[in-house]
Amino acid sequence: GESVGLHLPTLSVQEGDNSIINCAYSNSASDYFIWYKQESGKGPQFIIDIRSNMDKRQGQRVTVLLNKTVKHLSLQIAATQPGDSAVYFCAENMAQGETSGSRLTFGEGTQLTVNP
Amino acid sequence: ETGVTQSPTHLIKTRGQQVTLRCSSQSGHNTVSWYQQALGQGPQFIFQYYREEENGRGNFPPRFSGLQFPNYSSELNVNALELDDSALYLCASSFQGVDSPLHFGNGTRLTVT
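Quick caveat: nothing in here was measured; it's all calculated off a predicted structure. (Residues numbered from 1 in each chain as written. Chains lettered and ligands numbered in written order. Predicted model: local features only at pLDDT ≥ 70, side-chain atom pairs only at ≥ 80, totals over all residues. Heavy atoms only, no water.)

What exactly am I supposed to notice about the overall build of chain B here?
Helix and strand counts for chain B stand at 0 helices and 11 strands. For chain B, the N- to C-terminal ordering of α and β elements is β-β-β-β-β-β-β-β-β-β-β. Taking 13 Å as the expected radius of gyration for a compact globule of 113 residues, we find that chain B reaches 13 Å, a close match to that expectation. Structurally, chain B occupies a C-alpha span of about 40 × 25 × 25 Å along its principal axes. Within chain B, buried positions represent 50% of all 113 residues. Once local pairs closer than 6 in sequence are excluded, the contacts in chain B between residues at least 24 apart make up 53%. With the model as given, the accessible surface of chain B reaches about 5300 Å², and the carbon-plus-sulfur share is 47%. In chain B, 7 side chains carry a positive charge and 9 a negative one; their mean positions are 8 Å apart. (Helix = DSSP H or I, 4+ residues; strand = E, 2+ residues; numbered from the N terminus. Rg over C-alpha atoms; globule rule 2.2 N^0.38 Å. Buried < 20%, exposed > 50% of the residue type's maximum accessible area, 1.4 Å probe, protein only. Contact = heavy atoms within 4.5 Å. Areas by Shrake-Rupley, 256 points an atom, 1.4 Å probe, with all protein chains shown as cover. Lys, Arg positive; Asp, Glu negative; His and termini not counted. Charge placed at Lys NZ, Arg CZ, Asp CG, Glu CD.)

Pasting the structure below:
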């Protein structure tokens, strides 16, 4: 079936470098995407979202890029810090219609490790 | 603003038993969703509740059931527990309507022996 997936299971960067985490999705009808950060022993924490009518959205130190042509999503983290070490998930909203709340399909996640 | 809280944090049950997990929504949210997260995997959608009724369900058997209360809190019930039910169970709350980000609690770690 259709699902959201990630290119790399692990990513290791040096403190202060920029990080890029990639995600490929297969459902061309998806119109809403979210990035989550999950630290050990905690639930997923909302980072940033983007709707399909946008190509780019920026937050504090994070940027999400959406390329609908190739069905690719990426999360860029600027000046990566040790506190950014976590598993990062992209999620695709599979909800249908205005009466539905968001129902997310998650990828398997990328483990980001920031080395001091 | 109060976030999503779940109880208990950890639970150990025996195969065949029943379990109830609880969730309090983030203040102002009216929709509750439950997800199951197996070790090393992404969360999987179980079901969603809105206006105290089930509003969508993932690929989970009927022994997974839920409730939403007038104060938007929620319960997840699992009957006839199986070993494969061992997982982290996550509750998330949101506003009704598409494109509303889910805000998750820290989950309940269920171990079935």
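Help me out: how do you make sense of the pattern of salt bridges in this one?
Oppositely charged side chains may form a pair once their charged atoms are brought near each other. On inspection of all chains with the given rule, the structure shows 9 salt bridges over all chains. With a shortest N-O distance of 4.0 Å, E39 of chain A and K42 of chain A are connected by a salt bridge. A relative accessible area of 28% places E39 of chain A in the partly exposed class. The salt bridge involving R57 of chain B is made with E54 of chain B; its shortest N-O contact spans 3.0 Å. Classification of R57 of chain B as partly exposed rests on a relative accessible area of 30%. Connected through shared salt-bridge partners, D49, R51 and R57 of chain A make up one network. (Salt bridge = Lys/Arg side-chain N within 4 Å of Asp/Glu carboxyl O.)

I would appreciate a short explanation of the sheet that holds strand 3 (residues 19-24) of chain B in the present structure.
Hydrogen bonding along the main chain pairs the strands of a sheet, whether they run parallel or antiparallel. Residues and elements named next belong to chain B. The antiparallel open sheet is built from 4 strands, whose spatial order is 1-3-8-7. Edge positions in the sheet fall to strand 1 (5-7) and strand 7 (64-68), since each of these pairs with one other strand and no more. Strand after strand, the sheet turns through a mean of 20 degrees between neighbouring axes, direction not considered. Direction of pairing for strand 3 relative to strand 8 (residues 74-78): antiparallel, over a ladder of 5 bridges. Note on strand 8: the bridge partner recorded for T20 is N77. (Pairing = 2+ DSSP bridges. Axes fitted to C-alpha atoms, helices over the stretch in contact; angles between N-to-C directions.)

Teacher, can you tell me more about the interface of chain B and chain A here?
It is common to give the size of an interface as the accessible area that goes away when the parts come together. Chain B puts 24 residues into the contact, and the matching count from chain A is 27 residues. For the pair chain B and chain A, the summed buried area comes to about 1800 Å², and 50% of that belongs to carbon and sulfur atoms. For the pair chain B and chain A, the interface holds 0 salt bridges. Here chain B and chain A share 5 residue pairs in polar contact (both at pLDDT 80 or more) between them. Of all the secondary structure elements, the ones that give two or more residues to the side of chain B that touches chain A are strand 4 (31-37), strand 5 (44-50), strand 6 (53-57), strand 9 (87-94) and strand 10 (103-104) of chain B. For the side of chain B that touches chain A, a count of residues per class yields 9 nonpolar, 14 polar and 1 charged. (Buried area = accessible area lost by both parts, 1.4 Å probe. Polar contact = N/O pair within 3.5 Å; in protein donor to acceptor, adjacent residues only side chain to side chain. Nonpolar A, V, L, I, M, F, W, Y, C, P; charged D, E, K, R; others polar.)

Would you take a moment to explain the state of the cysteines for this structure?
Should the sulfur atoms of two cysteines be covalently bonded, the bond is a disulfide. All names here are of chain A. Applying the stated rule across the entire model yields 2 disulfides over all chains. Between C23 and C90 runs a disulfide, and the two sulfur atoms are separated by 1.9 Å. The sign of the 55 degrees torsion about the S-S bond sets the C23-C90 disulfide as right-handed. Residue C23 is located in strand 3 (residues 19-25), and its partner C90 is located in strand 9 (residues 86-93); the two are separated by 67 residues in the primary sequence. Here C23 falls in the buried class, since its relative accessible area comes to 1%. (Disulfide = S-S within 2.5 Å.)

I tried to follow the pairing of strand 7 (residues 62-67) of chain A on my own but got confused; where do I start?
The two faces of the sheet receive side chains in turn, since in a regular strand these alternate between them. Residues and elements named next belong to chain A. Strand direction decides the pairing type here: strand 6 (residues 56-58) and strand 7, joined by 3 bridges, are antiparallel. Residue pairing in the sheet places R57 in a bridge with V64 of strand 7. As consecutive antiparallel partners, strand 6 and strand 7 are separated by 3 residues, and within that stretch R61 has a phi angle of approximately 70 degrees, a positive value. Two strands pair when backbone bridges link them, and strand 7 and strand 8 (residues 72-77) are joined in this way by 6 bridges, in the antiparallel orientation. What sits directly across from V64, in strand 8, is L75. Linking strand 7 to strand 8, which pair antiparallel, is a turn of 4 residues; within it K71 sits at a positive phi near 55 degrees.

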